[in-house]
Amino acid sequence: MKSLLIKSAIASGVVLSLATFTRPVMATSFTISIEDPTVQNAQSSNLANAHVQNFDGQTQGYNATGFTWTDAGTTIGSYKNTLIENADQYGGAGGTGKYFDVNTNRGSKETVSTLNLTTAQKYFGLWWSAGDANNVMTFLSQGKVVQTMTTANVVSYIANLSNKASYYSNPNSPFKGQNSGEPYAFINFYDVDGTFDQVQFTNVGGTGFESDNHTVATDYKNITGNVVIKAVPESSSVLGVFVIGFVGATSVLTRRAKKNLVLELS
């Protein structure tokens, strides 16, 4: 029995080491928040070197090539596999212009759209319209995933707010009150411990992922809005993996020991 414990402890240590080094880098480094109802822009005074893409200058429809994002002569990044829609009940900040969508039912041939950024950023924000739980955002740094977030978290958070009704339906004329079954909110993504240089937008269901006013910033002063998800220190995450693995290994040993004891007695 002692030999079994020692061997299993060594094996579990190897497994734990692999678990620590193969999980996504800094997967818990983000704090995610939403602004108050009807807010459709980031708090610019809180951001450093901020840039906003409102898609109003883009051509309506799907484009696999996408477009380059420039601001005052500076290249901010480039979008690939883009679907641009005219403002309607599902999107378009302020009720005018155009908005960004990921939706195979409306002309897109891809379920994943990508924003490649020229400079590493610490903040990303967007006005999330006609929201549902099927939208996914993935942040990467030099090709490695640093955070994956599903909007199911935001849907659940809003559903538990005392003023949840204020988030539902399009807040803009001429579509005000339309699409009352889905929430509209501005979402902030703060990379607390690092940076990212790519954002992927995915829709995993038969719905759409509508958004507008994409905002990036190289830094920020404070976490603003109502926090949905708070970053967990990296050391705590590693400790959590270790504790879970150790408890799991101990449980396996206990069951095995009991099984051997039963066999011996019988």
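Residue numbering note: each chain is counted from 1, following its sequence as written. Per-residue local features of the predicted model are confined to residues with pLDDT of at least 70, and side-chain atom pairs are confined, for both listing and counting, to 80 or more; whole-chain, interface and lining totals are unaffected and use all residues. No hydrogens and no water enter the side-chain calculation; it runs on all heavy atoms of the structure.

Colleague: Now, about the overall build of the protein chain: what can you tell me, with residues and values included?
Modeller: Numbering goes from the N terminus for both helices and strands, where a helix is a DSSP run of H or I of at least four residues and a strand is a run of E of at least two. When you go through the protein chain residue by residue, the secondary structure sums to three helices and 17 strands. Any residue under 20% of the maximum accessible area for its type is buried, any over 50% is exposed, and the rest in between are partly exposed; the area is computed with a 1.4 Å probe on protein chains only. For the protein chain, the proportion of its 266 residues judged to be buried stands at 42%. For the protein chain, the exposed surface amounts to about 13,000 Å²; the carbon and sulfur share of it is 55%. Working definition of accessibility: Shrake-Rupley area with a 1.4 Å probe, residue cover restricted to the visible protein chains.

Colleague: Just give me the short version of the sheet that holds strand S11 (residues 135-141), but keep the residues and values in it.
Modeller: With antiparallel pairing, six strands are arranged side by side in an open sheet as S5-S6-S9-S14-S11-S12. Among the strands making up the open sheet, the edge pair consists of strand S5 (67-71) and strand S12 (144-150). Each adjacent strand pair in this sheet contributes to an overall mean axis angle of 20 degrees, direction not counted. Pairing of strand S6 (residues 74-80) with strand S9 (residues 112-121), which is carried by four bridges, proceeds in the antiparallel orientation. Paired with Lys 80 across the bridge in S9 is Thr 114. Two strands qualify as a pair provided that DSSP identifies no fewer than 2 bridges between them. To get an axis, fit a line to the C-alpha atoms, keeping to the stretch in contact for a helix; angles then go from 0 to 180 degrees between the N-to-C directions.

Colleague: Talk me through the pattern of salt bridges; I want residue IDs and the actual numbers.
Modeller: Here, a salt bridge means any side-chain nitrogen of Lys or Arg that lies within 4 Å of a carboxyl oxygen of Asp or Glu. Tallied over the full model, the rule gives three salt bridges. Across the pair Arg 106 and Glu 85 runs a salt bridge whose closest N-O atoms are separated by 3.7 Å. With Arg 106 in the loop between strand S8 (98-102) and S9 and Glu 85 in strand S7 (residues 82-86), this pair connects stretches of sequence that are 21 residues apart. Exposure remark for Arg 106: the relative accessible area of 28% places this residue in the partly exposed category. Judged by its relative accessible area of 6%, Glu 85 is buried. Two residues, Arg 106 and Asp 88, come together in a salt bridge whose shortest N-O distance is 2.9 Å. Linking Arg 106 in the loop between S8 and S9 with Asp 88 in the loop between S7 and S8, this pair joins segments that are 18 residues apart in sequence.

Colleague: Run through unusual backbone geometry, naming residues and quoting values.
Modeller: Leaving glycine aside, a negative phi is the common case for residues, and trans is the common case for peptide bonds. Note that the residue after Ser 173, namely Pro 174, is joined by a cis bond; omega there is 10 degrees. On the secondary structure map, Pro 174 appears in the loop between helix H2 (152-159) and strand S13 (185-191). In the Ramachandran plot, Ser 169 falls in the positive-phi region, its phi being about 85 degrees despite a non-glycine side chain. Its location among the elements puts Ser 169 in the loop between H2 and S13. By relative accessible area, which is 16% here, Ser 169 ends up buried. In this model, Asn 179 sits at a positive phi of 55 degrees, which is unusual for a non-glycine residue. By the secondary structure assignment, Asn 179 is in the loop between H2 and S13. The exposure class of Asn 179 is partly exposed, given its relative accessible area of 21%.

Colleague: Help me get a handle on the nonpolar core, residues and values and all.
Modeller: By size, the foremost hydrophobic cluster in this structure holds 32 residues, and its most contacted members are Phe 124, Met 137, Phe 139, Phe 189, Val 199 and Phe 201. Here a residue-residue contact requires only that any non-hydrogen atoms of the pair lie within 4.5 Å. Contact partners of Phe 139, with chain neighbours within four places excluded, come to Phe 30, Phe 124, Lys 144, Val 145, Val 146, Gln 147, Phe 189, Phe 196, Gln 198 and Val 199. Residues belong to one nonpolar core when they are buried, are Ala, Val, Leu, Ile, Met, Phe, Trp, Tyr or Cys, and are joined through side-chain atoms within 4.5 Å. Among the nonpolar cores identified, the runner-up in size contains eleven residues, and Ala 93, Trp 127, Ala 217 and Tyr 220 belong to it.

Colleague: Now, about the packing of aromatic side chains: what can you tell me, with residues and values included?
Modeller: For any pair of aromatic rings, geometry is given as the distance between the ring centres together with the angle between the planes. To pair, rings of Phe, Tyr and Trp, with the six-membered ring standing in for Trp, must have centres within 6.5 Å; the planes then decide the type, stacked if under 30 degrees apart, edge-to-face if over 60, and tilted in the middle. Throughout the structure, instances matching the rule amount to 18 aromatic pairs. Between Trp 127 and Tyr 184, the aromatic rings sit 5.8 Å apart at their centres with planes inclined by 40 degrees, giving tilted as the arrangement. Of this pair, Trp 127 sits in strand S10 (residues 123-129) while Tyr 184 sits in the loop between H2 and S13, placing them 57 residues apart in sequence. By relative accessible area, Trp 127 is classed as buried at 1%. Ring plane angle 65 degrees and centroid distance 4.7 Å describe the contact between Tyr 190 and Tyr 220, whose orientation is recorded as edge-to-face. Taken together, the positions of Tyr 190 in strand S13 and Tyr 220 in strand S16 (residues 219-220) put the pair 30 residues apart, joining distant regions of the chain. For the residue pair Tyr 190 and Tyr 220, the accessibility class agrees, reading buried in each case. Each residue in the set Phe 30, Phe 55, Phe 67, Trp 69, Tyr 79, Phe 100, Phe 124, Phe 139, Phe 189, Phe 196, Phe 201 and Phe 209 is aromatic and connected to the rest through ring pairs, giving one cluster.

Colleague: Before we move on, could you go through the confidence of the model for the protein chain and cite the residues and values that matter?
Modeller: Confidence of the prediction at every residue is given by pLDDT, a number between 0 and 100. Of all residues in the protein chain, 77% have pLDDT values of 70 or greater, and the mean over the chain is 83. Contacts for the low-pLDDT stretch residues 4-27, under 50 throughout, to residues beyond four places or in other chains number 27 contacts. Long-range and interchain partners of residues 235-266, a stretch whose pLDDT sits below 50, account for 20 contacts in this model, where long-range means more than four residues apart.

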